[in-house]
Amino acid sequence: MNTVGRVQELADERGLTLFKLATLCEVPYSTLCNAKKRQTQLNVDTIEQICKGLRITMSDFFAEKGA
């Protein structure tokens, strides 16, 4: 799974920019931007922080659409 793509998808669903999502989740905006630019994956700690900020579970984060 492309974790940065999933974060962007979650932000879009909520009408948030990556900057607003980063602020809401207390994740450095540079972390999201750098991962997106370099096409790398986010680490588990960052994903957990995003899930906490969005009030979703890790299972929700990794759930496939239509599953």
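Placed above this text is the structure.
A.B. asks: Sorry if this is basic, but what is going on with helix α4 (residues 44-54) here?
C.D. replies: For an α-helix the count is 3.6 residues per turn, leaving residues at separations of three or four pointing the same way. Of all the residues in α4, the buried ones are Thr46, Ile47, Ile50, Cys51 and Leu54. The arc that holds every buried residue of α4, seen down its axis, measures 140°, which confines them to one face. Projecting away from the buried face of α4 at angles above 90 degrees are the exposed residues Asp45 and Lys52. Those residues of α4 that are buried lie in contact with α1 (3-13), α2 (18-25), α3 (29-38) and α5 (58-62). Taking the backbone nitrogen of Asp45 as reference, a side-chain oxygen 3.1 Å away marks Asn43 as the first, capping residue of α4.

A.B. asks: Got a minute to help me understand the nonpolar core in this structure?
C.D. replies: Ranked by internal contacts, the top residues of the largest apolar core, which has 18 residues, are Val7, Leu21, Leu32, Leu42, Ile50, Leu54 and Phe61. Contributing elements (two or more residues each) for this core: α1, α2, α3 and α4. Those residues within four positions of Val7 in sequence are excluded, and the remaining contacts are Leu18, Leu21, Leu32, Leu42, Ile50 and Phe61.

A.B. asks: Please clarify how the packing of α2 against α4 should be interpreted in this entry.
C.D. replies: The geometry of α2 relative to α4 is characterised by a closest axis approach of 8 Å and an angle of 90° between their N-to-C directions. Overall, the two elements α2 and α4 adopt an arrangement that is roughly perpendicular. Where α2 approaches α4, its residues Leu21, Leu24 and Cys25 are matched on the opposing element by Gln49, Ile50, Gly53 and Leu54. For the contact of α2 with α4, the class distribution of residues is five nonpolar, two polar and no charged.

A.B. asks: What is the right way to look at α1 in this model?
C.D. replies: For α1, the full list of buried residues reads Thr3, Val4, Arg6, Val7, Leu10 and Ala11. One side of α1 holds all its buried residues, which, seen down the axis, span an arc of 160°. Capping the start of α1 is the job of one residue whose side-chain oxygen sits 3.1 Å from the backbone nitrogen of Val4: Asn2.

A.B. asks: Would you mind showing me how to read the packing of aromatic side chains here?
C.D. replies: Think of a pair of aromatic rings as described by two things: how far the centres are apart, and how the planes are tilted against each other in angle. Scanning the model with the defined rule gives two aromatic pairs in all. Taking the centre distance of 4.9 Å and the plane angle of 75° together, the rings of Phe61 and Phe62 count as edge-to-face. In this structure Phe61 comes out as buried when scored by relative accessible area, which is 0%. Across from the ring centre of Phe61, 6.0 Å away, lies the NZ or CZ of Arg6, which sits over that ring.

Cut-offs and rules
- Position numbers for residues start from 1 in each chain and track the written sequence from start to end.
- Thresholds applied to this predicted model are a pLDDT of at least 70 for local features of residues and 80 or more for the giving and counting of side-chain atom pairs; totals over whole chains, interfaces and linings are not thresholded and use all residues.
- Working from all heavy atoms in the structure, the side-chain values ignore hydrogens and water.
- A simple rule labels every residue: compare its accessible area, found with a 1.4 Å probe on the protein chains alone, to the largest value its type can have, and call it buried under 20%, exposed over 50%, or partly exposed in between.
- Helix and strand definitions follow DSSP, with helices as H or I runs of at least four residues and strands as E runs of at least two, each counted in order from the N terminus.
- What the arc covers is the set of directions going from the helix axis to the C-beta atoms.
- Contacts are assigned to residue pairs with any non-hydrogen atoms lying within 4.5 Å of each other.
- For this analysis, a polar contact is any N or O atom pair within 3.5 Å, provided that within protein one partner can donate a hydrogen and the other can accept it, and provided that sequence-adjacent residues contribute only side-chain to side-chain pairs.
- Buried Ala, Val, Leu, Ile, Met, Phe, Trp, Tyr and Cys residues that are joined via side-chain atoms within 4.5 Å together make up what is termed a nonpolar core.
- For helices, the fitted line uses only the C-alpha atoms of the stretch in contact; every axis is such a line through C-alpha atoms, and the angle between N-to-C directions lies from 0 to 180 degrees.
- Angle categories: roughly parallel below 35 degrees, roughly antiparallel above 145, roughly perpendicular from 65 to 115, and oblique for all the rest.
- The classification used treats Ala, Val, Leu, Ile, Met, Phe, Trp, Tyr, Cys and Pro as nonpolar, Asp, Glu, Lys and Arg as charged, and all other residues, Gly among them, as polar.
- Aromatic rings from Phe, Tyr and Trp, with only the six-membered ring used for Trp, were paired whenever their centres fell within 6.5 Å, and each pair was classed as stacked if the ring planes differed by under 30 degrees, edge-to-face if by over 60, and tilted otherwise.
- A positively charged side chain is recorded as over a ring if its NZ (Lys) or CZ (Arg) lies within 6 Å of the ring centre. The angle to the ring normal must also be within 35 degrees.

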